[in-house]
Amino acid sequence: MIDRLYGGGELSREEYAYLIRNRGDDSARYLFSLAAKARERYYGNKIYIRGLIEFTNYCKNDCFYCGIRRSNKNADRYRLEVSEILDCCKEGFELGFRTFVLQGGEDGYFNDERLCRIVREIKRLCPGCAVTLSVGEKSRGSYQAYFDAGADRYLLRHETADVRHYEKLHPKELSAENRLRCLHDLKEIGYQVGTGFMVGSPYQTADELAMDMMFIKAFQPHMVGIGPFVPHHDTPFGNEKAGTLELTLFMLGLVRLTLPAALLPATTALGTIDPEGREKGVLAGANVVMPNLSPPSVRKKYQLYDNKICTGCESAQSVDDLRKRMSRIGYDVVVDRGDAVSISKN
Ligand code: 5AD
């Protein structure tokens with residue numbers, strides 16, 4: 001089945017579930033070797049970096065897994081000034097970043113007008129760079145406004161493709177249906193769209209993961225963010241088990257073979273559960289790393305889950321260190337926007 005995927009064939013949901021359920025060291029090793037070849041075909045040994053700016057941890061939502069959910073009264077809330085966000089980008093631009101990812105909770109303070117102004121200013125100050133937004137569920141009109149202001153990409157994980165599972169992870173106000181509506185709007189507007197899911201979230205089995213794979217195959221996102229679920233002590237899932245490194249890597253490999261031209265980050269959550277999580281992620285099929293460009297004073301406050309790394313080599317200022325770590329395993333961190341190949345301008 002792994003060979004069939006590599007050859008461009010399709011798997012059924014049952015086949016994905018079978019592969020996931022019966023995985024082992026040997027199948028994982030084989031999967032990763034083909035994932036590396038598939039990635040090489042499209043991206044060589046290049047690793048793209050994105051400067052991540054976590055600009056607000058205010059959020060009107062109450063997702064059961066997330067540390068910045070509205071009900072978490074212990075979260076120390078902050079929002080960056082527009083000028084601070086722009087300073088982060090200017091600093092990042094000098095460090096070699098050509099993509100900035102603005103991620104935040106769903107914070108009404110950052111209305112369309114403010115967000116559009118930020119996007120326009122970044123594009124003006126950092127010529128040739130790409131702007132990625134990750135600010136949650138909005139109306140189609142809002143998405144269009146950000147796009148018209150110059151935003152290139154949008155990240156919105158679907159979290160789980162199984163509606164009943166979605167309901168177990170979210171309060172009633174949030175629906176899988178609206179999440180999908182958002183993803184389709186984003187794609188139609190013309191964004192490069194990233195979706196994704198947590199691995200090992202509560203109630204998830206191989207069947208849900210297989211549905212995630214089927215969804216990804218059908219939706220054809222340009223980017224797929226997957227990382228292990230990691231509990232946050234001040235959430236309803238505080239006592240749940242974390243997702244494992246091993247299963248996350250296996251899922252990364254499967255995504256790479258399913259969408260060989262996708263941009264796949266080795267996520268912060270992966271780096272959090274293992275000191276070499278990001279390197280291992282790359283060896284399993286990832287080709288993007290997103291170091292943190294937020295001002296150091298707020299990094300600890302963007303705690304989506306416990307022990308999120310935020311001072312070591314995941315920080316943007318340590319990009320040289322990242323470069324060395326990647327070159328040790330045979331990869332080159334490049335200064336490039338890193339567009340998805342299918343729509344790359346070169
Ligand atoms: N563990 C891992 N990932 C999480 N996210 C939110 N909370 C957690 C958690 N406890 C992820 C979600 C969200 C992204 C920004 O972070 O998938 O889409």
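To be clear, the structure that these remarks concern was listed above.
Remember, predicted model here, so these are calculated numbers, not experimental data.

(A) Highlighting the overall build of the protein chain. Tallying secondary structure elements over the protein chain gives 14 helices and 9 strands in all. For 346 residues, the compact-globule formula gives about 20 Å, and the C-alpha radius of gyration of the protein chain, at 19 Å, lands near that figure. Summarising its shape, the C-alpha atoms of the protein chain cover approximately 50 × 45 × 40 Å along the three principal directions. The burial tally for the protein chain puts 59% of its 346 residues in the buried class.

(B) Expanded view of the sheet that holds strand β9 (residues 332–334). Taken together, 3 strands build an open sheet; the order of strands is β8-β1-β9 and the sheet is parallel. Each edge of the open sheet carries a strand with a single partner, namely β8 (288–289) and β9. Pairing analysis gives 2 bridges linking strand β1 (residues 46–49) to β8, with the strands arranged parallel. Along β8, the bridge assignment pairs Ile49 with Val289.

(C) Just the pairing of strand β4 (residues 130–134), in detail. Most of β4 is tucked away, with 5 of its 5 residues classed as buried. The side-chain alternation of β4 yields two buried faces, one formed by Ala130, Thr132 and Ser134 and the other by Val131 and Leu133. Relative to β4, strand β3 (residues 99–104) runs parallel, the two being bridged by 5 bridges. Bridging across to β4, Phe100 finds its partner in Val131. Following the backbone out of β3, through helix α5 (residues 112–125) and into the adjacent parallel β4, one traces a crossover that is right-handed. Two strands pair when backbone bridges link them, and β4 and strand β5 (residues 153–155) are joined in this way by 2 bridges, in the parallel orientation. From the neighbouring strand, Thr132 faces β5, where its bridge partner is Arg153. Traced from β4 through helix α6 (residues 140–149) to β5, the parallel crossover comes out right-handed.

(D) Structural view of the site of the ligand. By nearness alone, every residue bordering the ligand is listed as Tyr65, Cys66, Gln103, Arg157, Glu159, Met198, Pro228, Phe229, Val230, Leu304 and Tyr305. Measuring from an oxygen atom of the ligand, one finds a side-chain N or O atom of Arg157 at 2.9 Å. In this structure, Val230 approaches the ligand through a main-chain N or O atom, which is 2.7 Å from a nitrogen atom. The fraction of the free accessible surface of the ligand (400 Å²) that becomes covered by protein chains is 87%. Here the shell around the ligand is composed, by residue class, of 8 nonpolar, 1 polar and 2 charged.

(E) Representation of the side chain of Asp107 within the structure. Mapped onto the secondary structure, Asp107 falls in the loop between β3 and α5. Separated by 2.6 Å, the side chains of Asp107 and Thr56 make a polar contact. Reaching out from Asp107, the side chain makes a polar contact with the backbone nitrogen of Tyr109 at a distance of 3.0 Å. Setting aside anything within four residues of it in sequence, one finds Asp107 in contact with Thr56, Tyr58 and Arg79.

(F) Looking closely at the pattern of salt bridges. The tally for this structure, following the rule as stated, stands at 25 salt bridges. Taking the shortest distance from any N to any O, the salt bridge between Asp339 and Arg153 comes out at 2.9 Å. Of this pair, Asp339 sits in the segment after β9 while Arg153 sits in strand β5, and the two are 186 residues apart along the sequence. Taken as a pair, Asp339 and Arg153 share a single burial class, namely buried. Within the structure, one salt-bridge network assembled from shared partners comprises Lys123, Asp152, Arg153, Arg337 and Asp339.

(G) Representation of the environment of Leu247 in the model. Inspection of the secondary structure assignment puts Leu247 in helix α10 (residues 245–258). Overall, Leu247 belongs to the buried group, its relative accessible area being 13%. Placed 47 residues apart in sequence, Leu247 and Gly200 show a C-alpha to C-alpha distance of 8.0 Å. Among residues more than four places away in sequence, those in contact with Leu247 are Ile20, Arg23, Val199 and Leu209.

(H) Here's a closer look at the pairing of strand β2 (residues 51–56). For β2, a buried count of 6 out of 6 residues is recorded, marking the element as mostly surrounded by other parts of the structure. Summarising the sheet, β2 and β3 pair through 5 bridges and their orientation is parallel. When the sheet's bridge partners are listed, Ile53 is paired in β3 with Leu102. Handedness of the crossover joining β2 and β3 through helix α4 (residues 82–95): right-handed.

Conventions adopted
- Residues numbered from 1 in each chain as written.
- Predicted model: local features only at pLDDT ≥ 70, side-chain atom pairs only at ≥ 80, totals over all residues.
- Heavy atoms only, no water.
- Helix = DSSP H or I, 4+ residues; strand = E, 2+ residues; numbered from the N terminus.
- Rg over C-alpha atoms; globule rule 2.2 N^0.38 Å.
- Buried < 20%, exposed > 50% of the residue type's maximum accessible area, 1.4 Å probe, protein only.
- Pairing = 2+ DSSP bridges.
- Right-handed = clockwise from strand over helix to strand, strands pointing away.
- Near = heavy atom within 4 Å.
- Polar contact = N/O pair within 3.5 Å; in protein donor to acceptor, adjacent residues only side chain to side chain.
- Areas by Shrake-Rupley, 256 points an atom, 1.4 Å probe, with all protein chains shown as cover.
- Nonpolar A, V, L, I, M, F, W, Y, C, P; charged D, E, K, R; others polar.
- Contact = heavy atoms within 4.5 Å.
- Salt bridge = Lys/Arg side-chain N within 4 Å of Asp/Glu carboxyl O.

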